[in-house]
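Here is how the chains run, residue by residue.
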Amino acid sequence: MNTGKTKNLGVMGWPIAHSLSPAMQQAAIEKAGIDYSYIALPVEPQALPQAVAGLKALNFRGWNVTIPHKTAIMPLLDEIDEDAAVIGAVNTVLNEDGRLKGYNTDILGFLRPLQEQGVALEGAKVLILGAGGAARAVLWGMLRNKVASVVLAVRTLEKGEALAQEFRQRTQVEINVCAFGSEVFCQAQAQADLLVNTTPLGMTPKVDAAPPVNWELVKPTAFVYDIIYTPAETRFLREAREHGCPTQNGEHMLAGQGAAALALWTGIEPDADCMCMALRQELEKKEQ
Ligand code: NAP
């Protein structure tokens, strides 16, 4: 029961009814036996400043932030963590006695499965497919872990080049950009130790789509990561698995970003497996 002592948490977005976070966070809160409550917070874009002031007035301990507020919320906060500033988006707010600090836990969520599976990032050659919002966190995660080089493969060269140019200022790591189907793309596929799909190609309902990877070029030892989480195995991951590559889908990234947020708010280390299970159950309900 939510009592006057319960610490309140939530997720703000618009629309928000589809969010998997309440089920996932509530499962971890119950497992940990802590007096917190996590709810969905529908916040229309024009109501964002009032909503932030309202949650602060209501003494919420913190909240997650999702589309369309991840960037718009930044000037409304007192402080922005370095990762969130570099990525240019906040997905978690922590309220410390009325002082609001914005974080981006996508990067921790993305890196966690790689660490758990012992994938060596230092010195690795990385091929990232796509250069949108999620690619920013993936790219920063790679650069922070001292990879040898990154190639961004895209359909719109200007967008890829703009992202690369922005991040080149922060790193010594070589970042190249190429178009799908180009010669450089072929070379990057052959050299990659880690391939990450950050495009929505293959996501439900368009499950027959896939990024244009030629598996004959890819090393069977390359680790293949698709950050999509519906379906659990995209065509891209299925073809990678059939080629012999170790694979990872986006479920653990989603659960991991949630676990990192809950750790910030509560100081406990949440049960990430329990969060992942709650997430899968919700996804299966939606698939029915
Ligand atoms: P986004 O900002 O719209 O970026 C999408 C990227 O994919 C852009 O580079 C876009 O290229 C490219 N793209 C889109 N359609 C394409 C196509 N048909 N062919 C080639 N390239 C295409 O989206 P996002 O927020 O980064 O999200 C991307 C995916 O990541 C979604 O499936 C999302 O569900 C998933 N995601 C997962 C997690 C997680 O926790 N697991 C977190 C965030 C996102 P253009 O610039 O040319 O349009």
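Keep in mind the model is a prediction, meaning the values are calculated, not measured.

### A word on the overall build of the protein
- Helices and strands together make up the secondary structure of the protein, namely 10 helices and 12 strands.
- Taken over the C-alpha trace, the protein has a radius of gyration of 19 Å; the compact-globule value for 288 residues is 19 Å, and the two agree within 12%.
- Its C-alpha atoms give the protein principal-axis dimensions of roughly 60 × 40 × 30 Å.
- Taken across its 288 residues, the protein has 51% of its residues classed as buried.
- Sequence-distant contacts, at least 24 apart, represent 68% of the contacts inside the protein between residues at least 6 apart.
- As presented, the protein carries roughly 13,300 Å² of accessible surface, and 52% of it is formed by carbon and sulfur atoms.

### Some details on the side chain of threonine 266
- Looking at the element boundaries, threonine 266 is found in helix H9 (residues 251–266).
- Polar side-chain contacts of threonine 266 include one of 2.7 Å to the backbone oxygen of leucine 262.
- Looking at threonine 266, its side chain comes within polar contact range of the main-chain nitrogen of isoleucine 268, at 3.2 Å.

### Remarks on the site of the ligand
- Taken together, the neighbourhood of the ligand is formed by 20 residues, with Ala131, Gly133, Ala134, Thr156 and Ile227 sitting nearest.
- Residue lysine 159 places a side-chain N or O atom 3.2 Å away from an oxygen atom belonging to the ligand.
- At 3.1 Å, a backbone N or O of glycine 250 approaches a nitrogen atom of the ligand.
- Protein burial of the ligand: of its 920 Å² of free accessible surface, 73% is covered by the chains.
- Of the residues assigned to the shell around the ligand, the class counts are 11 nonpolar, 7 polar and 2 charged.

### Notes on unusual backbone geometry
- Residues tryptophan 14 and proline 15 are joined by a peptide bond in cis, for which omega reads 0°.
- At the junction of threonine 204 and proline 205, the peptide bond is cis and its omega measures out at 10° in the coordinates.
- If you check the backbone angles, asparagine 59 has positive phi at about 60° while not being a glycine.
- Of note in the backbone geometry, lysine 146 takes a positive phi value of approximately 55° without being a glycine.
- Position of lysine 146 relative to the elements: it lies in the loop between helix H5 (133–144) and strand E8 (149–154).
- The exposure class of lysine 146 is exposed, given its relative accessible area of 54%.

### Focus on the pairing of strand E6 (residues 99–103)
- Across 2 bridges, strand E4 (residues 79–80) lies against E6 in parallel orientation. Bridging across to E6, glutamate 79 finds its partner in lysine 101.
- Relative to E6, strand E5 (residues 92–96) runs antiparallel, the two being bridged by 5 bridges. Looking at the pairing, asparagine 95 lines up with leucine 100 of E6.
- Hairpin connection from E5 to E6: 2 residues lie between these consecutive antiparallel strands, with aspartate 97 at a positive phi of about 50°.

### Observations concerning the nonpolar core
- Of all hydrophobic cores here, the largest spans 35 residues; its most connected members are Phe110, Leu114, Met142 and Val150.
- In terms of residue count, H5 provides more of this core than any other element does, 7 residues in total.
- Apart from residues lying up to four places away in sequence, leucine 114 is in contact with Val119, Leu121, Met142, Leu194, Phe223 and Tyr225.
- Membership of the second largest hydrophobic core comes to 22 residues, among which are Ile16, Tyr36, Leu254 and Met275.

### Remarks on the pairing of strand E3 (residues 62–65)
- Alternating residues of E3 divide into Gly62 and Asn64 and Trp63 and Val65, and every residue in both groups is buried.
- Of the strand pairs in this sheet, strand E1 (residues 7–13) and E3 are connected by 4 bridges, and their pairing is parallel. Directly across from valine 11, in E3, lies its bridge partner asparagine 64.
- Where E3 and E5 come together, 3 bridges link them in antiparallel fashion. The residue bridging glycine 62 from the neighbouring strand is leucine 94, located in E5.

### Let's talk about the environment of proline 220
- Within the fold, proline 220 resides in the loop between strand E10 (194–197) and strand E11 (223–226).
- Its relative accessible area of 43% is what places proline 220 among the partly exposed residues.
- The spacing of proline 220 and alanine 240 is 20 residues in sequence and 8.1 Å in space, taken between C-alpha atoms.
- Aside from chain neighbours lying at most four places away, what touches proline 220 is His243, Gly244, Cys245 and Pro246.

### Focus: helix H10 (residues 272–287)
- With 16 residues, H10 extends 22 Å between its outermost C-alpha atoms, agreeing within 8% with the 22 Å of an ideal straight helix rising 1.5 Å per residue.
- Those residues of H10 not exposed but buried are Ala272, Cys274, Met275, Cys276, Ala278, Leu279, Arg280, Glu282 and Leu283.
- Among the structural elements, helix H1 (21–32), helix H4 (106–116) and H9 are those in contact with the buried residues of H10.
- With a side-chain oxygen lying 3.1 Å from the backbone nitrogen of aspartate 273, the N-terminal cap of H10 falls on aspartate 271.

Reading the values: the criteria
- Residues numbered from 1 in each chain as written.
- Predicted model: local features only at pLDDT ≥ 70, side-chain atom pairs only at ≥ 80, totals over all residues.
- Heavy atoms only, no water.
- Helix = DSSP H or I, 4+ residues; strand = E, 2+ residues; numbered from the N terminus.
- Rg over C-alpha atoms; globule rule 2.2 N^0.38 Å.
- Buried < 20%, exposed > 50% of the residue type's maximum accessible area, 1.4 Å probe, protein only.
- Contact = heavy atoms within 4.5 Å.
- Areas by Shrake-Rupley, 256 points an atom, 1.4 Å probe, with all protein chains shown as cover.
- Polar contact = N/O pair within 3.5 Å; in protein donor to acceptor, adjacent residues only side chain to side chain.
- Near = heavy atom within 4 Å.
- Nonpolar A, V, L, I, M, F, W, Y, C, P; charged D, E, K, R; others polar.
- Pairing = 2+ DSSP bridges.
- Core = buried A, V, L, I, M, F, W, Y, C linked by side-chain atoms within 4.5 Å.
- Expected span 1.5 Å × (residues − 1).

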